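Listed below, chain by chain, are the residues.
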Amino acid sequence: MSRHVDHLLAAYVEQQLRPKQAAYVYRHVIECPACRAKLAQHERLAGELRMSLGQWPMLRPGQVQQLWLAASTVTIPPANRQSMAALLPLLLSLLLLLMPFTTGFSGMIPNTALAVTASHSPGEIAAQALPDMPSARNISPPESRQAKLTLEATPPPSETETPLPAKPVPLAPANP
Amino acid sequence: MKNSATPNDNQLTELLSQAKSGDQPSCEAIYHRFVQPIYRLAYGVLLDIQDAEEVVQDTFAYALRNLNRFDPEKSAFRTWLYTIAMCRCRNKRRRKWLPTITLADIAELPASPEPLPEAIVEAHNTREVIWTALRKLSPKLREAIVLRYFDGLSYREMAEVLNCPHKTAESRVRLAHEALYSILASQHDILPEGVLGHE
Ligand SMILES: [Zn+2]
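Definitions and cut-offs
- Residues numbered from 1 in each chain as written.
- Chains lettered and ligands numbered in written order.
- Predicted model: local features only at pLDDT ≥ 70, side-chain atom pairs only at ≥ 80, totals over all residues.
- Heavy atoms only, no water.
- Helix = DSSP H or I, 4+ residues; strand = E, 2+ residues; numbered from the N terminus.
- Buried < 20%, exposed > 50% of the residue type's maximum accessible area, 1.4 Å probe, protein only.
- Contact = heavy atoms within 4.5 Å.
- Areas by Shrake-Rupley, 256 points an atom, 1.4 Å probe, with all protein chains shown as cover.
- Bend = angle between axes of the 7 residues up to and from the residue.
- Phe/Tyr/Trp six-rings, centres within 6.5 Å; stacked < 30°, edge-to-face > 60°.
- Lys NZ or Arg CZ within 6 Å of the ring centre and 35° of its normal.
- Donors = N, O, S within 2.8 Å, 3.2 Å for Na, K, Ca; no water.
- Tetrahedral: all angles 85-135°; square planar, octahedral: opposite > 155°, others 65-115°.

### A look at the overall build of chain B
Piece 1. Looking only at helices and strands, chain B features nine helices and zero strands.
Piece 2. Mapped in sequence order, the helices and strands of chain B form the string α-α-α-α-α-α-α-α-α.
Piece 3. Taking all 199 residues of chain B together, 52% fall into the buried category.
Piece 4. Contacts in chain B between residues at least 24 apart in sequence constitute 63% of all its contacts with a sequence separation of at least 6.
Piece 5. Split by element, the accessible area of chain B, about 9300 Å² in all, is 52% carbon and sulfur.

### Examining helix H2 (residues 24–46) of chain B
All names here are of chain B.
Piece 1. At Phe 34, H2 shows its maximal bend, which comes to roughly 45°, and the proline Pro 37 appears one to four places after that position.
Piece 2. Along H2, 17 of the 23 residues are buried, which leaves the element largely enclosed by surrounding structure.
Piece 3. Remark: Leu 47 follows H2 within two positions and exhibits a positive phi of approximately 60°.

### Digging into the packing of aromatic side chains
The description of an aromatic ring pair rests on the distance of the ring centres and on the angle between the ring planes.
Piece 1. Applying the stated rule across the entire model yields 10 aromatic pairs over all chains.
Piece 2. On the basis of an interplanar angle of 65° and a centroid distance of 5.4 Å, the ring pair of Trp 56 of chain A and Trp 131 of chain B is categorised as edge-to-face. You can see Trp 56 of chain A sitting in the loop between helix H3 (33–55) and helix H4 (61–73) and its partner Trp 131 of chain B sitting in helix H6 (residues 126–134), one on each of two chains.
Piece 3. In this structure Trp 56 of chain A comes out as buried when scored by relative accessible area, which is 10%.
Piece 4. Between the aromatic rings of Tyr 82 of chain B and Phe 150 of chain B, the centroid separation amounts to 4.9 Å while the plane-to-plane angle is 65°, which identifies the pairing as edge-to-face. In this pair, Tyr 82 of chain B sits in helix H4 (residues 77–94) while Phe 150 of chain B sits in helix H7 (residues 139–150), placing the two residues 68 residues apart along the sequence. Each of the two residues, Tyr 82 of chain B as well as Phe 150 of chain B, counts as buried.
Piece 5. Following the ring pairs from residue to residue traces out a cluster consisting of Phe 34, Phe 70, Phe 77 and Trp 80 of chain B.
Piece 6. The ring of Tyr 62 of chain B is capped by Arg 88 of chain B, whose NZ or CZ atom sits 4.9 Å from the centre of that ring.
Piece 7. Arg 148 of chain B extends its terminal NZ or CZ atom over the ring of Tyr 149 of chain B, reaching a point 5.9 Å from the ring centre.

### Some details on the coordination of the zinc ion
Around a metal, the ideal angle is 109.5 degrees if four donors adopt a tetrahedral arrangement and 90 or 180 degrees if six donors adopt an octahedral arrangement.
Residues and elements named next belong to chain A.
Piece 1. Only His 4 (ND1), His 28 (NE2), Cys 32 (SG) and Cys 35 (SG) from the protein coordinate the zinc ion, and they sit 2.0 to 2.3 Å from it.
Piece 2. With four donor atoms in place around the zinc ion and angles of 101 to 122° between them, the coordination shape is tetrahedral.
Piece 3. Along the chain, the residues donating to the zinc ion fall in the pattern H-x23-H-x3-C-x2-C.
Piece 4. Residue Cys 35 is classed as buried on the basis of its relative accessible area, which comes to 1%.

### Side note on unusual backbone geometry
Piece 1. Of note, the amide linkage connecting Trp 56 of chain A to Pro 57 of chain A takes the cis form, showing an omega dihedral of -5°.
Piece 2. For Leu 47 of chain B, which is not glycine, the phi torsion reads 60° and is therefore positive.
Piece 3. Within the secondary structure layout, Leu 47 of chain B lies in the loop between H2 and helix H3 (49–65).
Piece 4. Phi angles above zero are rare outside glycine, and Asn 163 of chain B is one such case at about 60°.

Quick look at the structure:
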């Protein structure tokens, strides 16, 4: 019988041996009950590792959602908001064009409807229209995780600090 | 290093392309596809539930903001993502001393508002024995064995995530396997049936 192969069994199970070496180990364990028993144990360990590390731990659905909220608060690039903002002047112009028909040319255009600059995002408009409703971007992540973030989070536009202009402003965008 | 494309790959490519232009549902779909393996990886490396959750959060927050940095010609997306996660894990470990945790400590994992996973509270089962042994490995060996088994990475992918040569990845896995084997064999009397038990 060839020499025992204990020292090669971990590498064999972890698929690190060259084909020739692997064949040598295989031929040996067929003949040698001691090495065969050890190989079975190494294989069992690999199987347990696959089960333990490949399936556990699992986040529960609630945690998955919580972490998504926390991660996406600083994650989603503002591309969507920007594209909406780009459309905003067009929508508002349309609204202005239609307004005389709906208000009977009274000229009583609500201040809040016009006090929106072209650079404001839809979220801000929603926030102004419904002051008691938090906008999606203002929802805090669960617990205190947000404070722990070390990321270079882009600060949200300073919507709350921006004072509303007293007078209606032109709706043409400076730079669409 | 691109693998041959499967329908799954094509779907991911599509999701990535949409996510790059800021499409939130695509970002979320990518998140849902990888959140569990990232969590397993982070927990395996850090052995701490809260740290693992923070790594998940940081990894996705960074990755989804920096999708333009992902180069599909250089690596697979999952490898890129796991590399970010591993980097976050290492940073976290550097900032924190990792105490040796005994079997008894496992029942005292950080309090969670929801019930603990059943696997944690079940005493002396096979999984617990394996995790107790994993805690005794050095961080480098544990990183390697976790990477090998948590999502079926190849040695080449492992080397990429670990930022080390292919042969180093192999030898760390082998050393980790041998160390676990010795730990479990030496504790033979306390092992439940099925883990390195008698034939
Ligand atoms: Zn032998």
